Amino acid sequence: MLRDVTTPLPPKEIGVNPQASVPTMSEPIVNDFSIMVATKNGSGSQTANLALLRALFKMGIPVSGKNVFPSNIQGRPTWYFIRVSKDGYIARRDTTEIVVSLNPESALEDHAAVAPGGVFIYADDIGLPIQRNDIHYYAIPVKELARAHESDPKLRTYVANMVYVGALCYLLGIDVDEVEAALKYHFKGKPKPVESNMRVVRAALAWASEHLIKTDPYRVERMDKTKGLILIDGNTAAALGAIYGGVTFVAWYPITPATSLADALYQYLPKLRLDPETKRPTYAIVQAEDELAALGMVMGAGWAGARAMTSTSGPGISLMAEFAGLGFFAEIPAVIWDVQRVGPATGLPTRTSQGDILKVHYLGHGDAKHPVLLPGNVAECFEFGWRAFDLAERLQTPIFVLSDLDLGMNQWMSPPFEYPDQPMDRGKVLTEEQVNASKGFARYKDVDGDGIGWRTLPGNQSPFAAYFTRGSGHNERALLSERPEDWENNMLRLQRKFETARKLMPRPVVELDPEAEVGIIGFGSTDPAIQEARDLLRQQGVLTSYLRLRALPMNEDTTLFLAAHKRIYVVEVNAEGQLAQLVQLHAPHDAAKVRSIHKLDGLPLSARWISEAILYQETYKREG
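Treat the numbers as computed from the prediction; the structure is a model and nothing was measured. Counting starts from 1 at the beginning of each chain's written sequence and moves along it residue by residue. Where local features are concerned, this predicted model is filtered to residues with pLDDT of at least 70; where side-chain atom pairs are given and counted, the filter is 80 or more; whole-chain, interface and lining totals use all residues. To get the side-chain values, all heavy atoms of the structure are used, and hydrogens and water are removed first.

1. Concerning the layout of surface pockets
Then, number 1: Buried and open spaces are told apart on a 1 Å grid over the protein atoms alone, a cavity being a set of points where a 1.4 Å probe fits but cannot get out and a pocket being an open set with protein on both sides within 12 Å along at least five of seven lines. Residues with an atom within 4 Å of a point are the lining residues. Grid points are joined across faces, edges and corners, and a volume is the space filled by probe spheres set on the points. Taken as a whole, the largest pocket holds about 800 Å³ of empty space.
Then, number 2: Around the largest pocket, the lining is made up of 27 residues, and of these Leu50, Tyr185, Asp233, Thr236 and Gln411 lie nearest the centre.
Then, number 3: Broken down by element, the lining of the largest pocket gets its largest block of residues, 6 residues, from helix H1 (residues 45-58).
Then, number 4: Charged residues are taken to be Asp, Glu, Lys and Arg, nonpolar residues to be Ala, Val, Leu, Ile, Met, Phe, Trp, Tyr, Cys and Pro, and polar residues to be all remaining types, Gly included. Within the lining of the largest pocket, the residues separate by chemical class into 13 nonpolar, 10 polar and 4 charged.
Then, number 5: Bear in mind that the domain bounds are from an automatic or database domain assignment. Both domain 1 (11-227) and domain 2 (232-414) contribute no fewer than three residues apiece to the lining of the largest pocket.
Then, number 6: Size it by volume and the second largest pocket reaches roughly 430 Å³.
Then, number 7: If you go around the second largest pocket, you meet 20 residues; those closest to its centre are Lys40, Leu102, Lys143, Thr157 and Ala160.
Then, number 8: Counting from the N terminus, the helices are DSSP H or I runs at least four residues long and the strands are E runs at least two residues long. With 4 residues, the top contributor of residues to the lining of the second largest pocket is helix H3 (residues 142-149).
Then, number 9: Its residues assigned to classes, the lining of the second largest pocket comprises 7 nonpolar, 8 polar and 5 charged.

If you want it as structure tokens, here you go:
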């Protein structure tokens, strides 16, 4: 164990390794590097990490933050990555130039992760059996500074993280006032925790400026590239979108990484959805006994006319299969957010994936098929948060929204969200007067040619308004039927409704290069990496077009994109290229063009990996 290693790293007074050839100072590298902070889960490091991220953001520098944490118990290693990019790239960078190591258990791994020429900042009580001559070393007395500037022993573990914040302020030139502003934001202006943390930050900054000799080239400078932007995670954005979309009922069961979506609903609904006169809630949130029960409640609420939703991840989706099939066949509006994680089975609950796309598209039994929304950024998480309800009620069917851990739980820059630009679409709902005028209606009859029947809601006083909502075979009038022609007619109508969905779902975002032979298709959180990879490929002489899917089923935009390019690379975070299979099913005549670029290691894809995977196939595996 590393705790038993006694070989010391370089003395803190020098800040470099006296036993190695220190890299010579090169030209300054400004606003273009990645920071990794290695600590213990549950140590309070998230406050420090978010303060760093927000301080850099407030300095006008484009940033992104990614939390990589364990799925087991408190005290295990956790890592936080901050990418700083003057060019605005926000995908995961697969090199780490600055590593902060405060956890002896992961110190060897952290040390090895430093890129050549990079920086290793470490707690001075950590010992390593090896040292390198191609990186810069800085030792900081974490425990000593925390003990000297925090009198409460219970708080020292937490404020100790602020030591590396202060050290980074000195070494990189981060504005300490912006750190303080970030802590005020984090603690909602409460002075006591802000003062406690800032006391340690300023002490560490003063110590570093006196004892550390800066030998590395990395630093930050103010920019103006974040003006007008916000920092927010996708789960919070989704919750806000649902609230602005009129959600009235939520049933859920705790599961990583979807729990924070429900938490955000708990946080914001009491502030935004109280009756203005009575001050009573106009919504209900129920923590169910499991995911099966949660979707059952949502189906009941959707049938009753509520805008109802749940949030879950892959294992919960598996439990929801029966009710999802019922919702498809009985035609009940519902919204299901799937914040994907690694599978199969329970998999890795704290790692990201895009492995549920086939499952949710066909979830149920028989010929069930569901429309799926695919947000690619936090602004779309907000938009699809409200738009999903409109689509569910217009199409009278469950709508799945596929996010993932990377998009849902990490902080992203975004323009401020736009208020819904249209009134709520409640779909085909008959009033009492309409039902009385026709003296009844056929619930499952396609009178408009779009595959969608008209419905009534409980509370309609017309004696002709009632009908059976059947999961069993039925005819147009919702009467039990096992006649072959009734079954076939009903399924043909549901197929027509699916074609209507094809027209109503959000269209893909398409960026065409008229000279490109290569097309790239992706969805969701891979978008930043794909955009950066296209720049890398352009530098290698490979021009590309790009289609980002925002929904299933696909429409003619995807068909035309396939036809316009000789080779199509479908990029996704799963083990079997699931989206590539759906693309081939959508356009079988162009299926031979489709090549899958997929990887699943629990981490977000990097631009370099995508570009190298495509370049390899373009260079060595190209046919004809």
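Structure shown, so let's carry the discussion forward.
2. Considerations on the domain arrangement of the protein
Accessible area lost upon the coming together of the parts serves often as the stated size of an interface.
Then, number 1: Splitting the protein by domain gives domain 1 (11-227), domain 2 (232-414), domain 3 (432-504) and domain 4 (509-620).
Then, number 2: Between domain 2 and domain 4, the C-alpha centre-to-centre distance is 27 Å.
Then, number 3: Contact with domain 2, which involves 25 residues of that partner, is made by 24 residues of domain 4.
Then, number 4: Accessible area that two parts lose when put together, with a 1.4 Å probe and added across both, is what the buried area reports. With both sides pooled, the region where domain 2 packs onto domain 4 buries about 2,100 Å², and carbon together with sulfur makes up 59% of that total.
Then, number 5: By the criterion of area lost to domain 4, the three top residues of domain 2 are Gln354, Ile357 and Leu374, representing 32% of everything that side buries.
Then, number 6: By salt bridge we mean one thing: a side-chain nitrogen of Lys or Arg within 4 Å of a carboxyl oxygen of Asp or Glu. Here domain 2 and domain 4 share 2 salt bridges between them.
Then, number 7: Put simply, Arg548 and Glu380 hold a salt bridge, and the shortest N to O gap is 2.8 Å.
Then, number 8: In the analysis that follows, any N or O atom pair within 3.5 Å is treated as a polar contact, provided that within protein one partner can donate a hydrogen and the other can accept it, and provided that, for residues neighboring in sequence, both atoms belong to side chains. Inspection of the domain 2/domain 4 interface yields 12 residue pairs in polar contact (both at pLDDT 80 or more).
Then, number 9: Of all elements in the fold, only helix H13 (357-361), strand S14 (372-373), helix H14 (378-395) and helix H15 (405-409) reach the threshold of two or more residues within the side of domain 2 that touches domain 4.
Then, number 10: Within the side of domain 2 that touches domain 4, the residues separate by chemical class into 12 nonpolar, 7 polar and 6 charged. Contacts between residues were defined by any pair of non-hydrogen atoms, one from each residue, lying within 4.5 Å.

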